[in-house]
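Close look at the chain arrangement
Chain by chain, the residues:
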Amino acid sequence: MIIAAGGGRRIGGPEALLHQGGKPLVDQMIDTLTEAGCGQIVVVLGAAADQVRETADLDRATVVVNRAWGTGVGSSIRAGLAGLDDDRIEAVVVVPVDMPGLTAAAVRRVTALPFPDVLVCATYNGLRGYPMLFGRRHWAGIATLASADVGARPYLLAHKDQIVDIACDAVADGSRVDTPELMALYGLSVPEQRIPV
């Protein structure tokens with residue numbers, strides 16, 4: 001699941017419109033998840049969803065539009081979980097679109113045990129980050145507790161003894177692009193939006 005719904009107020013435009021080298025970052029994230037062996041890929045759009053559909057190649061993904069994207073990442077996680085329509089899926093890996101340093105190797109590490117009762121978080125310098133793997137048995141609880149800009153954090157805190165931490169420092173960069181300085185560092189740009197977000 002790729003969370004790509006935010007308005008990106010701090011970076012000048014929606015995260016889903018971020019481009020690197022002329023290619024939408026959402027396309028690169030789909031490539032990364034595909035290379036890692038993920039089956040169904042769900043992309044959760046929100047801000048500027050129509051423009052993202054026009055500029056990105058979303059044919060390999062199930063697209064879910066979160067009309068309540070302005071309420072925070074919690075609603076996007078709920079929308080994404082609802083978009084997983086294959087009953088054979090036992091776990092879902094969750095990544096934000098604004099993470100250009102994510103690699104297929106990191107996704108493979110986190111998804112090595114895709115069982116219905118798992119909770120796995122990547123760590124960078126000992127701190128939890130993305131990707132995260134949520135087993136199916138946790139989806140209802142995550143959807144219930146996911147809120148505002150903290151997403152799955154309340155559920156994870158309530159189940160902290162069940163989380164498996166997987167160090168990904170050696171295979172990926174866990175930084176999320178949330179400042180103009182980081183955009184410049186990664187060579188990212190946001191195309192001009194045709195309509196206000």
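These figures come from a predicted structure and were not determined experimentally. (Residues numbered from 1 in each chain as written. Predicted model: local features only at pLDDT ≥ 70, side-chain atom pairs only at ≥ 80, totals over all residues. Heavy atoms only, no water.)

1. A short note on the state of the cysteines
- For the structure on display, the rule yields 0 disulfides.
- Between C38, a cysteine without a disulfide, and C168, which holds the nearest cysteine sulfur, the sulfur-to-sulfur distance is 13 Å.
- Unpaired in terms of disulfides, C168 finds its nearest cysteine sulfur in C121, a separation of 10 Å.
- You can call C168 buried: its relative accessible area is 0%. (Disulfide = S-S within 2.5 Å. Buried < 20%, exposed > 50% of the residue type's maximum accessible area, 1.4 Å probe, protein only.)

2. Examining the pattern of salt bridges
- As enumerated under the stated definition, the model contains 5 salt bridges in all.
- Between D31 and R60 there is a salt bridge whose closest N-O contact spans 2.7 Å. Linking D31 in helix α1 (residues 25-35) with R60 in the loop between α2 (49-55) and β5 (62-65), this pair joins segments that are 29 residues apart in sequence.
- Where D165 meets R128, a salt bridge forms, and the shortest distance between an N and an O atom there is 2.7 Å. Separated by 37 residues along the polypeptide, D165 in strand β9 (residues 163-167) and R128 in strand β8 (residues 127-135) bring together distant segments of the chain. (Salt bridge = Lys/Arg side-chain N within 4 Å of Asp/Glu carboxyl O. Helix = DSSP H or I, 4+ residues; strand = E, 2+ residues; numbered from the N terminus.)

3. A look at the environment of T34
- With respect to the helices and strands, the residue T34 is situated in helix α1.
- What makes T34 partly exposed here is its relative accessible area of 39%.
- Taking C-alpha positions, T34 is 18 Å from D85, a pair spaced 51 residues apart along the chain.
- What T34 contacts, discounting residues up to four positions off in sequence, is I41 and R60. (Contact = heavy atoms within 4.5 Å.)

4. Quick word on the sheet that holds strand β3 (residues 23-24)
- With antiparallel pairing, the 3 strands of this open sheet are ordered in space as β3-β2-β10. One side of each edge strand has no neighbouring strand; the edge strands of this open sheet are β3 and β10 (188-189).
- Two strands pair when backbone bridges link them, and strand β2 (residues 19-20) and β10 are joined in this way by 2 bridges, in the antiparallel orientation. Pairing of H19 across the sheet is with S189, part of β10. (Pairing = 2+ DSSP bridges.)

5. Section: the sheet that holds strand β7 (residues 119-124)
- Strand order across the open sheet formed by 7 strands is β5-β4-β1-β6-β8-β7-β9, with mixed pairing between neighbours. On the outer flanks of this sheet lie β5 and β9, each paired with one strand and no other. The average angle at which neighbouring strand axes cross in this sheet is 25°, direction not considered.
- As defined by bridge partners, β7 adjoins β8 across 6 bridges and the pair is classed as antiparallel. (Axes fitted to C-alpha atoms, helices over the stretch in contact; angles between N-to-C directions.)

6. Some details on unusual backbone geometry
- Y130 connects to P131 through a cis peptide bond whose omega is 0°.
- As for its position among the elements, P131 is in strand β8.
- The backbone phi angle of A48 is positive, close to 55°, even though this residue is not glycine.
- Mapping A48 onto the fold places it in the loop between β4 (42-45) and α2.
- Residue A48 is classed as buried on the basis of its relative accessible area, which comes to 14%.
- One non-glycine residue, N125, lies in the positive phi region at around 55°.

7. Topic: the nonpolar core
- The biggest cluster of nonpolar side chains holds 59 residues, and the ones touching the most others in it are I2, V43 and F134.
- By size, the runner-up hydrophobic cluster in this structure holds 7 residues, among which are I11, L18, L25 and L188. (Core = buried A, V, L, I, M, F, W, Y, C linked by side-chain atoms within 4.5 Å.)

8. A closer look at the pairing of strand β6 (residues 91-96)
- Of all 6 residues making up β6, 6 are buried, and the element is well covered by its neighbours.
- Neither face of β6 is left uncovered, since the one carrying A91, V93 and V95 and the one carrying V92, V94 and P96 both have all their residues buried.
- Pairing geometry for strand β1 (residues 2-4) and β6, over 2 bridges, is parallel. Across the sheet, I3 pairs through a bridge with P96, a residue of β6.
- Bridge count for β6 against β8 is 4 bridges, and the pairing is antiparallel. Of the residues in β8, the one forming a bridge with A91 is G135.

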